[in-house]
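Structural characterization, general
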Amino acid sequence: MGTHSLEDIFPKFLAKSYFLLNLIPLGLFYFLDIVFNIGISPIRPITPIILLILDIIIAQSMQDYLLSSIILWVSCVAGVIIHTTWYYYNVSSDFEIPVVGAFIACVYAVGMIILTALGAIPVYFKVKKNKNSPQSSHSE
C-alpha cells in the first residue's frame, strides 16, 4: 500500500465535493427568509451567477459542469418555491403571491438555462485544450 500525500487526496476530494457548493442558493433562500426574515436581498440573483462562474473554472469535464449546473438549477428553483410558500403563509396570503412566485421561479429557471448554455462554451474549449495537451495523460 502506497502512501498518499495531501496534495494527491485534496484535489480528488475537491473534484467530487464542489457539487455541494451549488446548494448554497437553497440554503440562502431558507436562511434569509425564515431565519433572518429578510424578504428582498440583492445577493439572491448574484449568488447563482458567481457559483456558475466557479463551476466553469473548477469543472474538469463537460459532464461535471452539466451535473453541477443541474444541481444549481434545482437549488435556485426550489429556493424560490420555498420563499414563495413561506411568504404566502407568513407575510401575505393575497391571491397573486403564488402567481408572482411562479413567475420568479420561471425567470430563475430560464435564466439559469441560458447562463448554463453560455458557460458550456468555455468549458468545451477548456476540456478540448486539456485533451490535446500532453500533460493530460496522467494515471489515477
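1. Remarks on the packing of helix α3 (residues 43–58) against helix α5 (residues 97–132)
At a minimum axis distance of 9 Å, the contact between α3 and α5 shows a crossing angle of 20 degrees. When the axis of α3 is compared with that of α5, the two are roughly parallel. The hand of the α3/α5 crossing is right-handed. Residues Arg44, Pro45, Pro48, Ile49, Leu52, Ile56, Ile57 and Ile58 of α3 pack against Tyr108, Met112, Leu115, Thr116, Gly119, Pro122, Val123 and Lys126 of α5.

2. Some remarks on a nonpolar patch on the surface
Taken together, the side chains of Ile49, Ile53, Ile57, Val110, Ile114, Leu115, Leu118, Ile121, Tyr124 and Phe125 make up a nonpolar region of the molecular surface, amounting to roughly 950 Å² of accessible area. Looking at the nonpolar patch, the elements with two or more residues in it are α3 and α5. In terms of residues, the nonpolar patch owes the most to one element, α5, which gives 7 residues. Inspection of the secondary structure assignment puts Ile53 in helix α3. Judged by relative accessible area, which is 46%, Ile53 ranks as partly exposed.

3. As for α3
Between its first and last C-alpha atoms α3 spans 22 Å; for 16 residues at 1.5 Å apiece the expected length is 22 Å, and the two agree. Within α3 the residues assigned to the buried category are Arg44, Thr47, Pro48, Leu51, Leu52, Asp55 and Ile56. In this structure, the buried residues of α3 make contact with α2 (24–35), α4 (62–90) and α5.

4. Digging into the side chain of Asp64
As for its position among the elements, Asp64 is in helix α4. The class of Asp64 is buried, set by a relative accessible area of 16%.

5. Section: α5
Residues separated by three or four positions in an α-helix point in the same direction, a consequence of the helix having 3.6 residues per turn. An ideal rise of 1.5 Å per residue puts 52 Å on 36 residues; α5 measures up with 52 Å between its terminal C-alpha atoms. When α5 is considered as a whole, its buried residues turn out to be Ile97, Gly101, Ala105, Tyr108, Ala109, Met112, Thr116, Gly119, Ala120, Val123 and Val127. Tucked into the core, α5 has its buried residues touching α2, α3 and α4.

6. A look at the confidence of the model for the protein chain
Of the residues in the protein chain, 82% reach a pLDDT of 70 or more, and the chain-wide mean stands at 81. α5 holds the highest mean pLDDT among the elements of the protein chain, 92, whereas helix α1 (residues 6–17) holds the lowest, 57.

7. Focus on the nonpolar core
Within soluble globular proteins, side chains that are nonpolar tend to cluster in buried spots. In terms of nonpolar packing, the biggest core is built from 17 residues, with Tyr65 and Leu72 touching the most fellow members. Elements that contribute at least two residues to this core include exactly α3, α4 and α5. In terms of residue count, α5 provides more of this core than any other element does, 6 residues in total.

How each quantity is defined
- Residues numbered from 1 in each chain as written.
- Predicted model: local features only at pLDDT ≥ 70, side-chain atom pairs only at ≥ 80, totals over all residues.
- Heavy atoms only, no water.
- Axes fitted to C-alpha atoms, helices over the stretch in contact; angles between N-to-C directions.
- Helix = DSSP H or I, 4+ residues; strand = E, 2+ residues; numbered from the N terminus.
- Parallel < 35°, antiparallel > 145°, perpendicular 65-115°, else oblique.
- Left-handed = near helix turned anticlockwise from the far one by under 90°.
- Contact = heavy atoms within 4.5 Å.
- Patch = residues over 30% accessible without salt bridge, like charges linked within 9 Å, V, L, I, M, F, W, Y side chains within 5 Å.
- Areas by Shrake-Rupley, 256 points an atom, 1.4 Å probe, with all protein chains shown as cover.
- Salt bridge = Lys/Arg side-chain N within 4 Å of Asp/Glu carboxyl O.
- Buried < 20%, exposed > 50% of the residue type's maximum accessible area, 1.4 Å probe, protein only.
- Expected span 1.5 Å × (residues − 1).
- pLDDT = per-residue confidence, 0-100.
- Core = buried A, V, L, I, M, F, W, Y, C linked by side-chain atoms within 4.5 Å.

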